[in-house]
Structure formats: structure tokens, C-alpha cells
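Observations on the three-dimensional arrangement
Here are the chains, one letter per residue:
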Amino acid sequence: MAYDPKTIEERWQRYWLDNESFRCEVDPSRPKYYVLDMFPYPSGQGLHVGHPKGYICTDAIARYKRMRGFNVLHPMGWDAFGLPAEQHAVETGTHPAITTQRNIDTYRRQLRSLGLSYDWSREVDTTDPRYVRWTQWIFQKLHERGLAYEAEVAVNWCSALGTVLANEEVIDGKSERGGHPVVRLPMRQWMLRITEYAERLLADLDLVDWPERIKRMQVEWIGRSEGARVAFPIVDGDTTIEVFTTRPDTLFGATYMVLAPEHPLVRKLTTEAQRSDVEAYVAEAARKSERARMADGEDKTGVFTGAFATNPVNDARIPVWIADYVLASYGTGAIMAVPGHDERDYAFATRFDLPILEVVAGGNLAEAAFTGHGTALNSGFLDGLQTKEAKARMNDWLEEQGKGEATINYKLRDWLFSRQRYWGEPFPVMHLDDGTVKLVPEDQLPITLPKLDDWAPTGEFETPLSRVPEWIQTSDPETGANARRDPNTMPQWAGSCWYFLRFCDPHNDAEAWSTEAERYWMPVDLYVGGAEHAVLHLLYARFWHKVLYDCGLVSTKEPFQKLLNPGMILGHAYRYYDDNLSDDPNAALHAYPASAVRFEGERAIAAATGDEVKARWLLRPDVRFDEDDVPVHPTLEDIPLEEVTEKMSKSRGNVVSPDDVIDEFGADSMRLYELFMGPLEKGAPWSTDGIPGCFRFLQRAHRLVTEETLCDGDGTEEQARLTARTIAGVTGDMEAIQPNTAISKLMVWSRDISRDGSVPRAGAVAFVRMLAPFAPHLAEELWSHLGNTASLTHEAWPEADPTLLVEDTITVAVQVNGKRRDEIRVPANADETTVRDAALATENVQRHLDGKEPRKVIVVPGRLVNIVV
RNA sequence: GCCCAGGUGGCGGAAUUGGUAGACGCGCUAGACUCAGAAUCUAGUGUUCGCAAGGACGUGCUGGUUCGACUCCAGUCCUGGGCACCA
């Protein structure tokens with residue numbers, strides 16, 4: 001019987017499902033292992049070959065750990081709220097719930113076809129009301145602890161799309177999709193006080209085993225900085241401007257102040273003479289997106305308000321300006337400008353002819369700001385102090401005088417937690433007529449989404465839910481008083497902040513999870529998912545987890561013990577450009593090769609005409625190759641194509657589906673290949689060239705076990721040693737999560753085991769067990785061929801006989817002056833003198849010594865001998 | 001601009017603590033089987049000189065430390081990722 005993956009894989013997938021082979025239950029008598037994939041958003045395109053890289057690796061680990069006696073929790077679910085389903089509803093009228101279910105079905109089918117060993121009885125779906133109920137419940141916990149509050153925050157509103165856009169969806173004041181105008185409008189929104197947890201989110205990174213670069217990204221995102229708050233009184237006024245500075249030691253050098261254009265004091269401080277200039281500047285800044293403001297970079301702009309403030313250390317009268325280089329959202333939204341010792345202030349002062357004062361020695365202020373540390377000067381009581389001491393002295397002085405205090409500031413901002421969208425969790429709150437907010441009683445949860453008949457945006461600035469008055473309008477079930485529901489929904493992050501807890505106890509209708517299940521399964525021992533979630537998802541989930549910890553609802557400070565990021569699998573495509581910006585299928589377009597296009601920021605411009613153009617992609621089968629083997633467009637004349645390797649995405653047309661690969665080679669070959677390609681964390685362009693090699697290996701494995709006659713026992717000594725070495729090596733590789741080298745050792749075994757005799761049964765048994773994590777279908781098939789009736793899911797992992805790992809005779813390399821000249825075979829237990837003499841005696845060494853006396857001989861036991869002449 | 005990761009054959013990639021560079025796979029070459037091909041098996045395969053034995057060179061580049069460097073140090077170039085007026 002030839003190896004036929006299709007039959008084998010169908011049979012065993014059926015068996016695993018029918019027997020619930022991977023079902024797990026709390027069992028305090030056994031050690032647990034919780035291995036988790038970041039659950040996917042089920043998009044309409046289904047999986048591409050890049051997605052399963054991590055899933056396959058965690059599956060191999062899960063199967064390995066089961067065989068090592070662990071009680072393994074390995075679940076899968078769906079992060080199913082999200083914008084694409086809602087946009088699909090706008091376009092087709094199909095309810096997002098229907099689209100979502102359809103997509104989930106596709107994903108589930110594809111994951112099952114890979115033979116992944118999930119406990120499907122634990123599947124969760126964040127859009128399921130039984131799940132939403134507990135997401136809302138956790139929101140209420142946050143609210144009860146004062147961590148959820150409402151605030152007026154500006155949003156990017158696009159009336160053409162009828163939706164609010166994230167900052168990265170806005171390019172140059174226009175929507176990324178379609179190029180429609182976007183305005184910034186203030187709106188009442190929910191915020192979560194994540195900043196209150198900044199210090200713990202930072203400190204507890206020490207508790208987890210994560211890649212250093214991910215930790216660093218979180219550290220930088222949180223952006224802790226130590227400094228001081230200082231109050232500057234307004235001249236002839238009753239207000240003060242408060243600023244944050246990391247350099248209180250330079251306070252004597254503050255020669256002007258700057259407020260962000262959005263600063264609440266701008267209107268109040270501006271004098272009549274300056275009012276029209278200031279208002280024009282503020283309006284201009286509001287029109288620009290945050291991104292555009294940052295992009296302007298070096299060219300500092302600003303306007304004088306007409307007001308003056310007093311420098312609290314020397315009573316100097318200094319002007320107050322507004323400028324958009326000061327960010328409203330960081331610190332206090334206002335700065336003291338020290339042009340002598342800050343590059344931005346220096347550029348601004350030079351541009352507007354403001355005084356520059358030297359208060360730290362060490363630079364040349366005629367040329368540039370000096371931002372380094374040094375000795376204070378022109379600074380009254382700080383003169384002569386080094387920067388570090390000067391800071392401390394100034395902080396003390398500020399506190400003594402009541403003019404400021406030492407403080408810590410974070411870049412991290414509170415989390416904007418509402419979205420003006422339909423397909424998300426409604427807020428479990430009631431807005432009462434007196435303006436207060438009351439939580440919906442727990443027994444009334446979940447608040448479910450209303451039906452929506454008309455999906456098309458109205459262009460009005462309103463949320464989809466606000467268009468359903470009978471849903472918005474409600475009453476307080478406890479008092480019967482009038483109440484309104486919140487018209488916003490939660491962001492997609494909400495469901496993913498706690499799904500790993502629900503997996504511990506997914507069918508519990510009395511509580512979000514039981515204490516027993518949480519204490520047993522948590523924390524997640526191994527969490528695998530894309531580095532693109534390095535900051536947001538992982539930070540938000542950690543934040544919720546810490547709140548739940550403070551509520552006494554979870555027992556661990558951190559949810560994810562070890563984290564790994566699979567590298568991205570990239571797709572190949574061929575690129576050109578055209579000027580059909582609106583994607584009109586009937587447009588008469590003009591196409592351009594990459595060489596005729598230049599870039600201005602993120603915009604592609606045709607070099608000849610200056611018109612904006614749009615990138616287009618073709619897949620290899622659609623590309624024509626001309627006589628010089630240059631890829632060209634199949635129909636458009638003279639358009640050479642640029643070969644690009646990028647992230648797989650529908651818009652680039654470079655997506656490869658696992659369905660096609662499985663159809664041709666089977667799931668086991670696909671799994672083996674994705675593991676064998678290289679280390680988990682490394683990305684690579686997708687190529688099918690290596691798959692036949694993996695298929696051949698499985699074929700050979702199949703033949704060895706089913707077609708050869710097995711001899712009983714361990715076989716010859718060489719065979720027994722080979723098997724023992726393989727077991728030891730594969731086990732070590734699995735512990736280190738290096739399936740690529742584990743597989744290569746299995747390949748060596750299958751190549752060499754029948755070298756000096758027929759395949760020994762004991763070796764075959766060990767081999768099949770070791771094959772199970774990588775090619776589980778074939779392993780099951782061979783296992784039953786070896787006479788077993790049960791699945792090998794819970795069979796014991798083989799153990800290497802340690803006596804067989806010790807070689808009697810070993811090969812030692814012989815070097816002369818560090819260059820390898822020969823090798824010798826010596827008994828493993830030979831002493832140094834024996835090895836040294838044997839090495840000196842070899843012919844090659846004698847020739848290279850050429851009669852000279854060795855000056856020094858270095859013997860590295862078991863490794864090599866180096867003879868220095 | 002700043003920070004981080006990484007540069008090893010034609011290709012994907014191996015290489016405990018500094019100790020035989022290139023495991024394993026792909027591709028390629030030759031042979032076996034075959035009427036032939038496919039498939040399979042066997043052998044070879046870093047570059048270069050040599051009939052060979054054997055030598056020289058070789059882990060982005062330039063130096064350094066060392067008996068010995070892919071591995072450690074300094075500098076430099078390239079690629080990928082992150083951050084980007086955070087006071």
C-alpha cells in the first residue's frame with residue numbers, strides 16, 4: 001500500500017472528532033500545560049498559508065506535552081467582532097452575524113483539515129451573547145473601580161463612509177479608502193484608566209518570559225519619564241500655566257512658553273491684538289490630522305498669544321506662544337521652552353528670534369542646542385552643580401516654595417474604549433435623565449445588539465445604534481425611570497482581553513469562569529502569535545488581567561508566561577502602477593512601471609506627470625516573461641513589472657491557500673514543511689519547492705514501517721545507538737521549541753536505520769511516537785499498523801537508554817596551528833597523553849610539522865587536539 | 001533621525017560554554033532500474049588549483065583579542081522591524 005495522505009488524514013480527523021481525543025478536564029493530580037494561539041479574526045478570505053505557521057508549531061508542542069504526561073489545554077476560538085463584517089453589511093445588506101458565522105465555519109474547516117489538536121468543545125466566539133455577557137460584566141467591574149469614565153475626545157469622522165476612522169486610516173486629511181474628507185469632531189466617549197496601571201505594567205514585565213524586543217516595545221510605549229511639574233503664573237492674571245519638564249535644572253534658561261493649540265487656556269490668555277492670528281492658527285491645526293502635524297517635522301510654526309508669564313525662579317517676564325510642536329496629549333499640553341538646551345525649542349527660538357540663554361556648560365549655543373549633562377551656570381542657586389544634583393536641588397526648591405514638585409510622567413494615554421460602530425459589544429450602562437450613568441443590573445446582561453434594517457450610512461454624524469430609537473430608549477428595571485442606552489460599542493480589543501480565561505471554563509453560565517478552573521489552568525504557559533500585537537493587545541490584556549487580579553478574580557499577576565512570535569510568511573507578487581485612483585472598472589487608465597514612479601511620503605506619484613497613481617499587483621501565473629526573461633504585463637505594452645515580496649493580503653493578490661497545498665500533498669506534508677522551513681520566529685517568502693522533500697520523507701517513513709519486515713527487539717548495536725541518539729536529540733529540540741532540527745534528526749533516522757539490517761521493531765515504535773507531533777495522521781496510521789488499537793495521543797514519549805548514548809570510540813580532530821589537518825579515532829576514555837601522542841603520530845601532522853618541535857599542544861577532551869609550532 | 005533584530009553554499013537553513021563551518025532538506029551532476037519517461041534508489045555537490053595525493057581561500061566588510069573566532073571586542077556597510085516633535 002502506497003502512502004495515501006488523503007485517506008489516512010480523513011480517517012484520523014474523523015476518529016479524533018468522534019472520540020474527542022483532545023478533550024481535557026481539570027485534574028489536580030496531573031501537571032497542566034496551557035498552550036494558546038492568538039485566536040484569529042475570521043475574515044472572508046479564509047486562512048492563507050502564513051496563518052498556520054504558529055498554529056502548527058503550538059500543535060506540535062501540545063501533542064508532545066500530552067505524550068510527556070501533561071494535561072494539556074489547547075483551545076481555539078474566534079475574535080469575531082470587527083469592521084469588515086460591518087462593511088460587508090453596508091455593501092450587501094447581509095447581517096454581520098451571518099457573514100461571521102459563515103467565515104467561522106470556513107476557518108474551523110480549514111483548521112481541522114490541518115489536523116490541529118484543539119479541544120473543540122471549548123471553542124468560544126466573542127460575538128456569542130453568552131460570551132458578550134461576561135465581557136460586559138468585566139466592563140462593569142472596571143466601572144465599579146472607577147477605571148471607566150466618559151470624556152470629550154476628538155474623533156476622525158468621515159461623513160462619506162458614515163464612520164469614525166482610526167488615525168492610521170486617515171492619510172493627509174482624507175480617508176485611506178476612497179480618499180473622502182475627514183474632520184476631527186469632539187465626541188463623548190468611554191475611556192479606560194490604563195494609566196493608573198502604568199507602573200505595574202512596566203514593573204511586572206520582569207515576571208514574564210517574553211522576547212526582549214517585545215518587552216522593550218512595551219517599555220517604550222509606556223514611556224516613563226521622571227521630571228517635575230512647574231507652575232508659571234500669568235502676568236496680570238489669576239491663572240497659572242503648569243508644565244512638565246525632565247530638566248528642572250534648566251529652569252533659569254526658560255525664555256518663553258508654548259501651549260499646544262488645543263490647550264484650554266489659549267482662548268483666555270490671547271490678547272485682543274493677537275486674537276485673529278491665534279484663532280486662524282488654532283483652526284489650521286484642528287484641520288490637520290495628528291499624523292500630518294508630525295510629518296511637518298523640522299519646520300516649526302507658531303503664533304504669539306500676547307500674554308506673558310513669570311518664570312518662578314527668577315521672576316523673568318517671558319512671552320507665551322502657541323505652536324503645534326507641543327502636543328496637547330502629553331504632559332500638561334504646555335512647555336517651558338529652554339532653547340539653549342532643547343533642539344526643538346532651539347529651532348523655534350531661532351525661527352522667531354527669541355532669546356537663547358546658556359544655563360548648562362558644555363556646548364556651543366551659536367551652533368546648536370546643548371542637550372547633554374554638564375555644570376549649571378547663570379542659574380542662581382544651582383550654579384556649579386552637575387546636572388543630576390541640579391535637578392534634585394531644583395525639585396527640592398520647587399516643593400519648598402510650593403511652585404512645583406518632582407513627578408513621573410508617562411507617554412501611555414488612557415485607552416479610548418468606544419467605537420461609533422454596530423458590530424461590537426454594547427455598553428452595559430444606562431444614561432439617566434439627570435445626566436448620571438448607572439450600570440445595568442447584572443441579571444439583565446447581556447445587552448444584545450438590536451436588529452438593523454438599513455445599513456447604509458446616512459452621512460449624519462451619528463452612530464449606527466443611535467438610529468434605533470426603540471433600542472436606545474429604555475427604562476431602569478429597578479426604578480422604572482427613563483433611561484437611554486449608550487449608542488457606542490466596545491472596540492475589537494475587548495473580547496480578546498479575557499478569552500484565555502473563558503477557555504478555562506467556557507460553558508459556565510453562572511460565572512465568567514470558576515475559581516477552580518482558573519487556579520488550575522492559569523497562567524498560559526506558552527502564548528504564540530504575531531508581533532504586530534506586541535503592544536496593543538498584549539498591553540490591554542495585561543491591564544484587564546491586573547484589574548481582575550485586584551478584584552480577586554484571577555490568581556496570577558500576569559496572564560502569559562512565555563511568549564513567542566512566529567515570523568511572517570510572505571507572498572510573491574509583481575507590481576506596476578496606474579492612475580485609476582477610484583478603482584473604476586471602466587476607466588481609460590494609464591499604466592506606469594515602478595521606474596516611472598516616485599514617492600512623496602506614502603503617496604505614489606508618476607514622475608512624468610506629477611499625478612498620483614495607485615499600485616497594482618499580479619500573481620506569477622498571470623505574468624508574461626519577455627525574451628530577456630523580464631516579467632512584463634500580460635496585455636499592457638511595455639510595462640515591465642517589479643518583483644516584490646510582501647505580507648500576504650487580498651489587495652496584493654499574493655495569497656496562497658493551505659487548501660491547495662493539502663489537496664496536493666496532504667496536511668502532514670504541509671505541517672512538516674512549515675516546521676522544517678526554519679525557526680518559528682523567522683519569516684520567509686512562501687515557496688512550495690521544499691514540500692516534495694517532506695512528502696518523500698513521509699513516504700519513506702510509511703514504507704519503512706509497513707513494507708519492510710520488522711525484526712523484533714532493538715536491532716544491531718548501531719541501530720540501537722541511532723534510535724537512542726535520535727530520541728535524545730528530538731527530545732532536546734522539542735524542549736527548546738526547535739521543531740526544524742527535530743525533524744532533521746527523524747530524517748536521519750529513517751535514512752540510516754536499515755543500513756545494517758532490517759528495521760527493528762523497538763526503533764520503529766519509538767520513531768512513530770516521535771513522528772506524532774509533526775505528522776500526526778501518518779503517525780496514528782503507522783501506530784495502528786504496529787498492532788495498537790488506541791490513538792497514540794496519550795502514549796508515552798520514548799526515553800533514550802543513556803548507556804547507548806555513550807560512545808566507546810570517538811573521533812578527535814587534529815589541528816596544526818589552528819588548521820584541521822587530520823582526525824584520529826581514540827577510545828572515549830583515553831587520557832590526554834594518549835590522545836596527544838596519537839595525534840602527533842599521524843602522517844599528516846608529521847608532514848606539517850616538517851621536523852619542527854611543537855611549541856605547545858592543546859588537548860580539548862573529546863573534541864580536538866591543536867598543535868602549535 | 002533614534003532604537004532593536006539579522007547578514008553563513010545556487011536556495012531554505014544547521015553548528016551546547018570560543019573547539020572538525022555548511023547537519024537536514026531543496027536544487028544540480030552522475031549512475032542503477034526502465035524500450036523510454038515518471039517515480040524510486042545509490043553516489044557526489046562551498047569556491048578554487050591539481051590526474052591524484054594534497055593545498056589555498058571561505059560565515060557582509062575592515063581591524064583586534066586568542067593556540068583556535070560564524071561565535072567575543074571596536075568600527076563600518078546592507079536588509080528587515082519598531083518608534084518618530086513625548087519636553
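Residues numbered from 1 in each chain as written. Chains lettered and ligands numbered in written order. Predicted model: local features only at pLDDT ≥ 70, side-chain atom pairs only at ≥ 80, totals over all residues. Heavy atoms only, no water.

This part is about the protein's contact with RNA strand B. Near RNA strand B, the surroundings consist of 51 residues, among which Thr-246, Arg-344, Arg-751, His-848 and Asn-866 are the closest. Taking Lys-300, its side chain carries an N or O atom lying 2.6 Å from a base oxygen of RNA strand B. In the model, a sugar or linking oxygen of RNA strand B is placed 3.4 Å from a nitrogen or oxygen of the Asp-689 main chain. Ranked by the residues each element gives to the surface near RNA strand B, the list is headed by helix 22 (residues 739-752), at six residues. The class makeup of the residues in the surface near RNA strand B is 18 nonpolar, 13 polar and 20 charged. (Near = heavy atom within 4 Å. Polar contact = N/O pair within 3.5 Å; in protein donor to acceptor, adjacent residues only side chain to side chain. Helix = DSSP H or I, 4+ residues; strand = E, 2+ residues; numbered from the N terminus. Nonpolar A, V, L, I, M, F, W, Y, C, P; charged D, E, K, R; others polar.)

A separate point is the pairing of strand 33 (residues 809-816). Along a regular strand, successive side chains alternate from one face of the sheet to the other. Of all eight residues in strand 33, six are buried, a share of seventy percent or more. As paired elements, strand 33 and strand 34 (residues 819-827) share eight bridges and run antiparallel to each other. Note on strand 34: the bridge partner recorded for Ile-810 is Val-826. Hairpin connection between strand 33 and strand 34: a loop of two residues separates the two successive antiparallel strands, and Asn-817 in this loop has a positive phi of roughly 55 degrees. Pairing analysis gives four bridges linking strand 33 to strand 36 (residues 864-868), with the strands arranged parallel. (Buried < 20%, exposed > 50% of the residue type's maximum accessible area, 1.4 Å probe, protein only. Pairing = 2+ DSSP bridges.)

Below, the discussion takes up the packing of helix 19 (residues 667-676) against helix 22. Two elements in contact, helix 19 and helix 22, have axes separated by 7 Å at closest approach and are oriented at 120 degrees. With respect to each other, helix 19 and helix 22 are oriented oblique. For the pair helix 19 and helix 22, the contacting residues are Leu-672, Leu-675 and Phe-676 in the first and Pro-739, Asn-740, Ile-743, Ser-744 and Met-747 in the second. Per-class residue counts for the contact of helix 19 with helix 22 are six nonpolar, two polar and no charged. (Axes fitted to C-alpha atoms, helices over the stretch in contact; angles between N-to-C directions. Parallel < 35°, antiparallel > 145°, perpendicular 65-115°, else oblique. Contact = heavy atoms within 4.5 Å.)

What follows concerns the packing of helix 19 against helix 20 (residues 691-706). Contact geometry for helix 19 and helix 20: axes closest at 9 Å, N-to-C directions at 120 degrees. With respect to each other, helix 19 and helix 20 are oriented oblique. Crossing hand, helix 19 versus helix 20: right-handed. The residues of helix 20 that touch helix 19, namely those facing Asp-668, Ser-669, Leu-672, Tyr-673 and Phe-676, are Ile-691, Cys-694, Phe-695, Phe-697 and Leu-698. Here the contact of helix 19 with helix 20 is built from residues that sort into eight nonpolar, one polar and one charged. (Left-handed = near helix turned anticlockwise from the far one by under 90°.)

Once that is clear, we can look at the sheet that holds strand 20 (residues 473-475). Read across the open sheet, the four strands follow the order 19-18-21-20; overall the sheet is antiparallel. Looking at strand neighbours, the two that pair on one side only are strand 19 (437-439) and strand 20, the edges of this open sheet. Taking the axes of each pair of neighbouring strands and ignoring which way they run, one obtains an average angle of 45 degrees across the sheet. Note that strand 18 (residues 429-432) and strand 21 (residues 482-485) share three bridges and pair antiparallel. Paired with Leu-432 across the two strands is Ala-483, which belongs to strand 21.

Relative to the 27 Å expected for 19 residues at 1.5 Å per residue, helix 21 (residues 717-735) spans 27 Å between its end C-alpha atoms, a close match to the ideal helical length. Phi turns positive one or two residues past the end of helix 21, at Ile-737, with a value near 55 degrees. (Expected span 1.5 Å × (residues − 1).)

Spatial strand order, 6-5-9-17: four strands in an open sheet with antiparallel pairing. Looking at the sheet topology across the chains shown, the edges are occupied by strand 6 (163-165) and strand 17 (415-416). The pairing of strand 9 (residues 183-192) with strand 17 spans two bridges and is classified as antiparallel. Bridging across to strand 17, Met-191 finds its partner in Leu-416.

With that out of the way, let us pick up the packing of aromatic side chains. A full pass over the atoms with the stated rule returns 44 aromatic pairs. Considering the side-chain rings of Trp-12 and Tyr-15, the 5.0 Å spacing of their centres and the 55 degrees angle between planes classify their relative orientation as tilted. Taken together, the residues Trp-12 and Tyr-15, both in helix 1 (residues 5-19) and three residues apart, mark about one turn of the helix. Ring geometry for Phe-304 versus Trp-321: centroids 5.8 Å apart, planes at 40 degrees, classification tilted. You can see Phe-304 sitting in strand 13 (residues 303-310) and its partner Trp-321 sitting in strand 14 (residues 317-322), a full 17 residues away along the chain. Residue classification places Phe-304 among the partly exposed positions, given a relative accessible area of 21%. The exposure class assigned to Trp-321 is buried, which follows from its relative accessible area of 10%. One aromatic cluster is present, built from ring pairs that chain together Phe-139, Trp-190, Tyr-197, Trp-415, Phe-417, Phe-427, Trp-493, Tyr-540, Phe-543 and Trp-544. (Phe/Tyr/Trp six-rings, centres within 6.5 Å; stacked < 30°, edge-to-face > 60°.)

Take the confidence of the model for chain A next. Across chain A, the average pLDDT comes to 88, with 95% of residues at or above 70. Highest mean pLDDT in chain A belongs to helix 15 (residues 499-502) (98); lowest belongs to helix 10 (residues 290-295) (56). Here the predicted complex carries an ipTM of 0.93, next to a pTM of 0.91. (pLDDT = per-residue confidence, 0-100.)

Now for the pattern of salt bridges. Across all of its chains, the model carries 40 salt bridges by this definition. Between Lys-546 and Asp-204 there is a salt bridge, and its shortest N-O distance comes to 2.6 Å. Placement of the pair is Lys-546 in helix 17 (residues 536-550) and Asp-204 in the loop between helix 6 (198-203) and helix 7 (212-222), with a sequence separation of 342 residues. For the pair Lys-546 and Asp-204, a shared accessibility class is recorded, and that class is buried. (Salt bridge = Lys/Arg side-chain N within 4 Å of Asp/Glu carboxyl O.)

Now for the environment of Leu-192. With respect to the helices and strands, the residue Leu-192 is situated in strand 9. Note on Leu-192: relative accessible area 0%, which makes it buried. Sequence separation of Leu-192 and Leu-142 is 50 residues, and the distance between their C-alpha atoms is 8.0 Å.

Core analysis: the largest hydrophobic core is formed by 162 residues, its most contacted members being Tyr-34, Phe-417, Phe-500, Phe-543, Trp-544 and Leu-771. Among the nonpolar cores identified, the runner-up in size contains 48 residues, and Met-257, Ala-307, Ala-309 and Ile-318 belong to it. (Core = buried A, V, L, I, M, F, W, Y, C linked by side-chain atoms within 4.5 Å.)

Negative charge collects at one region of the surface, where Asp-396, Glu-399, Glu-400 and Glu-405 lie side by side. If one sorts the elements of the negative patch by residue count, helix 12 (residues 387-401) sits on top with three residues. With respect to the helices and strands, Glu-400 occurs in helix 12. (Patch = residues over 30% accessible without salt bridge, like charges linked within 9 Å, V, L, I, M, F, W, Y side chains within 5 Å. Areas by Shrake-Rupley, 256 points an atom, 1.4 Å probe, with all protein chains shown as cover. Lys, Arg positive; Asp, Glu negative; His and termini not counted. Charge placed at Lys NZ, Arg CZ, Asp CG, Glu CD.)

Before going further, it helps to spend a moment on the pairing of strand 14. Burial analysis of strand 14 places five of its six residues in the buried class, the great majority of the element. Two elements, strand 12 (residues 256-259) and strand 14, share three bridges in a ladder whose sense is parallel. Bridged to Leu-259 within strand 14 is Ile-322. Here strand 13 pairs with strand 14 via five bridges, running antiparallel. Paired with Val-303 across the strands is Ile-322, a residue of strand 14.

What follows concerns helix 19. Taking burial as the measure, the ten residues of helix 19 include nine buried ones, the bulk of the element. Just downstream of helix 19, Gly-678 is the residue with a positive phi angle, here 160 degrees.

Residue placement: Asp-125 occurs in strand 4 (residues 124-125). For Asp-125, which is buried and forms no salt bridge, the nearest opposite charge comes from Arg-108, at a distance of 7.3 Å. A distance of 3.3 Å separates the side chain of Asp-125 from the side chain of Gln-101, its partner in a polar contact. One polar contact links Asp-125 to Thr-127, side chain to side chain, over a distance of 2.7 Å. Not counting the four nearest positions on each side in its chain, Asp-125 is found in contact with Trp-78, Ala-80, Gln-101, Ile-104 and Tyr-131.

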